[in-house]
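Structural overview for review
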Amino acid sequence: MLTRREMLTATALCLALPAWAASGPSDWDAVLAKARGQTVYWHAWGGDPKINDFIAWVGQQAEARYGVRIEQVKLANTADAVARVLAEKQAGKTDGGAVDLIWINGENFAAMKAAGLLFGPFAESLPNWPLVDTVGKPATVMDFTEPTGGLESPWAMAQLVFEYDSARLPEPPASAAALLDWAKGNPGRLTYPQPPDYLGTTFLKQVLYGVTPDPTVLLKPVDAADYAAVTAPLWAWLDAITPSLWRQGKAYPANEPALGQLLADGEIDLSFAFNPGRASAAIAAGELQDTVRTMVWQGGTIGNASFVAIPFNAAHRAGAMVVANLLLDPEIQAQAQDPDVLGFQTVLSLDALSEADRARFDALKLGVATLPPLALGPVLLEPHASWMTRIAADWTKRYGVAP
Amino acid sequence: MTGLLLDHLRVTKDGTALVNLDLAVAPGEVVTIMGPSGSGKSTALAAILGVLGPEFRLSGRILLDGEDVTPLPTRARRIGLLFQDDILFPHLSVGSNLAFALPSRIRGRSARRQVVETALDQAGLPGYADRDPATLSGGQRARVALMRALLAEPHALLLDEPFSRLDADLRTRIRAFVLDQIRARGLPAILVTHDREDALATGGRILDPLGRAVASPVSAPGSARPSTRQAFDFPSG
Amino acid sequence: MAGPVIAGLAGNVLPLIGTDAIGRLLAWPGLGGAVRLSVVTGVVSTLCAVAISLAIVAALQGGRRFGLLMHALSPLLALPHAAAALGLAFLIAPSGWIVRLLSPWATGWATPPDLLILNDPGGIALTLGLVVKEVPFLLLMLLAALPQADATRRMMLTQSLGYGRVSGWLLAVLPAVWPQLRLPVYAVLGYAMTSVDMGVILGPSLPPPLSVQVAAWMMHPDLSWRGPAAAAALLQLGLVLVVLGIARLAERPLARVGRHWAESGLRRQGLDRIATPLATATALAVVVLVAGGMLGMVLWSVAGLWPFPDALPAPLTLATWTRAAPSLTATATATLAIAILSTGAALALCLGCLEAETRFGLAPGTAAMGLLYLPLIVPQTAFVPGLQVMVLAVGAADTVPAVAAAHLVFVLPYVFLSLAPPWRAWDRRIAVVAAALGASEARTFWHLRLPMLLRPVLTAAAVGMAVSVGQYLPTLLIGGGRITTLTSEAVALASGGNRRIIGAYAVLQMLLPAAGFLLALAVPTLAFRHRRGMRAA
């Protein structure tokens, strides 16, 4: 009988044979040999020192284990790396590119995939791939409903959780309707990052899940649904809540960190993040009041995965694959899930791990503000990426150009 | 042939003649060009020195010791200059100011230093080599400026109102010092001034920029000759 | 320097602009508001900055307070725009330092008030930020221009005729100074209308200023937005050119007003009584706002938890610094290397240009000067990506020299701007004296002109270093991420909004250029300590 690993490898072989016969990690030893001594330029958003520290630590591991150095290229915006690869393609630079590895998901992935800027498929033939929980965590192979097709490899799970200051707000609202009522009674204490910011749009999608009668249409492209009818309850909800928002909706924070800073400054009572462990980590770092707790809505919250992808012209392709594989290593995954480090949820299936590796996860502290895995509730799949674009554009039309 | 010869030197601007000099200055002689402001005195000076602006047109020749220096740049003409303001280089010491002028063929630190100190002695400023020029009095500065001009071993000297900033008492002494040095070294010199007393003190001819003799209340020897080519003998050829 | 701009524009912007791009730009509902914001904040902030700088110089120059003020202001020049904006934001926000200092004892606020101060739709916070950042720059340019205008004697003369300080300055000195000041003012206007980092931090977002929107579209994951972004960048360029044209045309009527005033003989001594305290107060306000913001950032870099309304962070910690330390040496070295290369090249070019001007009378015309300033006026997002494609095609990307060359495009105008006026003001008779002493042009240059102008040359170098250190987009795009500088790191970190780490990097970002300015002050003072004639004016 074939083991799960062999079966997956066989499947991947059948699916991806033409492409990776030439370039994929079929002969892992050869990849390792080639990777030794390479320096992988990993383009990753550099806005969070904790993540930067984690990447540096992974770099030490890669060097010690495989002789691969990691150089993090800290980006203000992942699209900068996409733009770089595009510029290289325009300039006819088909090998020796500057970008070896990109931290990516969602729209950036869809854009690079559509423009043929990615190398692969490679992910599903990585040695650690069989440990990935593709069944329990479908977001590891479905990036905003876009099948990853092995062109990117997951390394962290994210789920939307709400953060609140329990000292000021003992009973936080747990649904879209409850949130609206609470905001009306407490004007000026709630806001969200301005769409098209990623987290801000996710918040809108979360509300949409809560107010639209049939959320299943969200998994299809927006053109396939009656957009106006589906989103009408969302706009009604927003029209009702906007006057009660922070600054009466005349200004919005730019992004997730700006929103978190407002909570830390006491400007708002309720915030949210795409990382169940963020609040605990921030409290541990002395950046947030220790009275902050997290919660999820009844019916669940949106979740997705973070990936790494390799551009078509990456100079250090072998090294990049080694790093992608290393990121799936149970020890690395457990480190990422440690609330004192990142608090990112693992992409691995704990059932697939050895006893010793499972113990690493069991030993993790939860953190003062983090919910235990079971309390996180059901994970709602990201709607099709076209919803995000359309909703963000409509939001801008309705609320984004107020005089 | 020695001396400074202005051979039909004519400068015009927009067709108007500003300078028209046909003049020979013998070694040790000081000729004065005098006139009111705007009369073309400075233009004459600039023409002889070779720093005329592009708006001027020059014809004629300037000969120094028989050599035509008209096509040469200022630095190669060997014509020294003393300005109305002494213009000592403010970032250099007194000694360095003098050493700047000293020809490079005098080699070696101590040899150069020796020449500089001797020059300072001559100027009555012994031991002043390391002084900051800004700490000198007006008279001292004027003497340093003269010595600097002389150390460059010029073959002629131009004086651009060099005494006008000095008070009356100092002026007489500095003027005498400068004229003594010129005569002692046998330099042909041209003094540009609007000051009658300075002009008379030179004991030489006084012309306006267009070459006309300036009438003088005191009949100074050798003055007021309209055509000056014959002022002194020079061998033909 | 126009070459790279035009090539960048041609290489990037033009191919992207199809009818579709223009259509999508016009269909963007925020277009009207964004254009209005860019123009209004740009023009108003420039007018205010010019008025304040003129008032400060007219009312205070020559006094003891003026010297103190200039000492306080000059380090502010070194502050990168983003750091200044973040500091100011922390100062004036409803949960910011000023409110914290007054709460709760004076205001009664236990939680921050819900007041729209930052990111206000009118762009007042953005205008304020631009004003406080540009006043030190304009003051420096003004001071460099004053000696040529013979300001001291003109002031003595007008005051002996019974004119007030301010009116005398405006009537007799300003007309002589303005030709020197015109291009710096245009550079300020161009920057104010196209700034991205300040617009993001202080400006409104509903809609944002046009420049911010251009940058957002350029960075949009959906690559098709680059078309509208390119079209918007061209629109922005057009706006800047129109506003500059109007500014040029407005000079004539303004000069006529001045002439009428001068002919009327009105002494307006009373103006001094208003202007002097007002100028002192605004100057102080500029210093307090920028320095206060900076101090706030320094505190954040060592802060543990610092909740509202605490005036000071309770636990102080070096955690932020120790975390940043390992990568610091390499980053600082790269930053310095690029700054030295680009500034060195800019100095060499400017000195060569000015020396040619002195020797052969080859003064650049207005058109040439306009081209030199093109990189300051054309939005960076419009042509830097095109430059990137060009550099990649040549195969020179990702190297320190390539990044330094890209920086040179922006460093050169500023170096020329600060070097040319004192260079041209140098006493030409010194060159004549030297030539009469037999010195060659080269000897005059190396032994007289250069050492005598050491102070302005070093100041120009310090300005150039500060500009190089502050570059973000060219570093990122031309360096391909392989070359990181303090600013490319700082902006990446700033996108995370973490005030602690932003504070640490803002301090570092300022430290390098500040060291440059310090050297520019100290070296000539030390070298000429025994030369009274070489003291700073």
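In this text, all values refer to a predicted model and were calculated from it rather than measured experimentally. (Residues numbered from 1 in each chain as written. Chains lettered and ligands numbered in written order. Predicted model: local features only at pLDDT ≥ 70, side-chain atom pairs only at ≥ 80, totals over all residues.)

1. Regarding the overall build of chain C
- Each helix and strand in chain C was counted, giving 23 helices and zero strands.
- Against the compact-globule benchmark of 24 Å for 537 residues, chain C has a radius of gyration of 24 Å, which places it among compact chains.
- If you line up chain C on its principal axes, its C-alpha atoms span 65 × 60 × 50 Å.
- Within chain C, the fraction of its 537 residues that count as buried is 55%.
- Sequence-distant contacts in chain C: of pairs separated by 6 or more residues, those separated by 24 or more amount to 81%. (Helix = DSSP H or I, 4+ residues; strand = E, 2+ residues; numbered from the N terminus. Rg over C-alpha atoms; globule rule 2.2 N^0.38 Å. Buried ≥ 20, exposed ≤ 12 C-beta atoms within 10 Å, placed from the backbone. Contact = placed C-beta atoms within 7 Å.)

2. As for the packing of helix α3 (residues 94-101) of chain B against helix α5 (residues 138-151) of chain B
All names here are of chain B.
- Look at α3 against α5: their axes get within 7 Å of each other, and the N-to-C directions meet at 25°. Between α3 and α5, the angle is such that the two are roughly parallel. As for the relative orientation of α3 and α5, their crossing is right-handed in sense. The residues of α5 that touch α3, namely those facing V94, N97, L98 and A101, are V144, M147, R148 and L151. (Axes fitted to C-alpha atoms, helices over the stretch in contact; angles between N-to-C directions. Parallel < 35°, antiparallel > 145°, perpendicular 65-115°, else oblique. Left-handed = near helix turned anticlockwise from the far one by under 90°.)

3. Re the packing of helix α13 (residues 270-301) of chain C against helix α23 (residues 499-527) of chain C
All names here are of chain C.
- Between α13 and α23, the shortest axis-to-axis distance is 7 Å and the interhelical angle comes to 120°. Judged by the angle between their axes, α13 and α23 are oblique. The way α13 lies across α23 gives a crossing that is left-handed. Between α13 and α23, the contacting residues are M297, V298, W300 and S301 on the first element and R499, R500, I502, G503, A504, A506 and V507 on the second.
- In the contact of α13 with α23, the residues fall into seven nonpolar, two polar and two charged. (Nonpolar A, V, L, I, M, F, W, Y, C, P; charged D, E, K, R; others polar.)

4. Focus: the interface of chain B and chain C
- Every contact between the two is made by 23 residues of chain B and, on the other side, 21 residues of chain C.
- Elements represented by at least two residues in the side of chain B that touches chain C include exactly α2 (74-77), β6 (79-82), α3 and α5 of chain B.
- The element contributing the most residues to the side of chain B that touches chain C is β6 of chain B, with three residues.
- Here the side of chain B that touches chain C is composed, by residue class, of 15 nonpolar, four polar and four charged.

5. Focus on the domain arrangement of chain C
Residue and element names in this part refer to chain C.
- By domain assignment, chain C separates into domain 1 (48-297) and domain 2 (317-537).
- Inter-centroid distance (C-alpha atoms) of domain 1 to domain 2 is 22 Å.
- Contacts between the two partners involve 37 residues from domain 1 and, on the opposite side, 32 residues from domain 2.
- The greatest single-element share of the side of domain 1 that touches domain 2, amounting to eight residues, is contributed by helix α9 (residues 165-194). (Domains from an automatic or database assignment.)

6. Section: the nonpolar core
- Counting 375 residues, the largest nonpolar core has V322 and V323 of chain A together with V415 of chain C as the members making the most contacts within it.
- With 17 residues, helix α17 (residues 400-425) of chain C is the single largest residue contributor to this core.
- Each residue touching V322 of chain A, except ones within four places of it in the same chain, is listed here: V31, L32, A35, A62, Y66 and V68 of chain A. (Core = buried A, V, L, I, M, F, W, Y, C linked by C-beta atoms within 7 Å.)

7. Examining the interface of chain A and chain C
- Contact residues are listed per partner, giving 52 residues for chain A and 48 residues for chain C.
- Among the secondary structure elements, those contributing two or more residues to the side of chain A that touches chain C are β1 (39-45), α3 (49-66), β2 (69-75), α4 (78-90), α5 (106-114), α9 (256-264) and α14 (385-399) of chain A.
- In terms of residues, the side of chain A that touches chain C owes the most to one element, α4 of chain A, which gives nine residues.
- Its residues placed into classes, the side of chain A that touches chain C shows 23 nonpolar, 16 polar and 13 charged.

8. Regarding the sheet that holds strand β8 (residues 189-193) of chain B
Residues and elements named next belong to chain B.
- Here we have five strands laid out as an open sheet, ordered β6-β7-β8-β3-β9, and parallel in their pairing. Every interior strand has two partners, whereas the edge strands, β6 and β9 (206-207), have only one.
- Judged from the two bridges that link them, strand β3 (residues 30-34) and β9 form a sheet pairing that is parallel. Bridge pairing in β9 links I33 to L207.
- Running over the sheet, α5 touches β6 and β7 (156-160) and is turned about 175° from β6. (Pairing = 2+ DSSP bridges.)

9. A few points about the sheet that holds strand β7 (residues 161-165) of chain A
Residue and element names in this part refer to chain A.
- Judged by pairing direction, the sheet is antiparallel, and its three strands sit side by side in the order β8-β7-β9 without closing on themselves. Unpaired on one side and paired on the other, β8 (270-273) and β9 (292-295) mark the two borders of the sheet. Ignoring which end each strand starts from, the neighbouring axes of this sheet average 30° apart.
- Across four bridges, the pairing between β7 and β8 is antiparallel. Bridging from a neighbouring strand, F162 pairs with F272 of β8.
- In this fold α9 packs onto β7 and β8, with an angle of close to 150° to the strand it touches most, β8.

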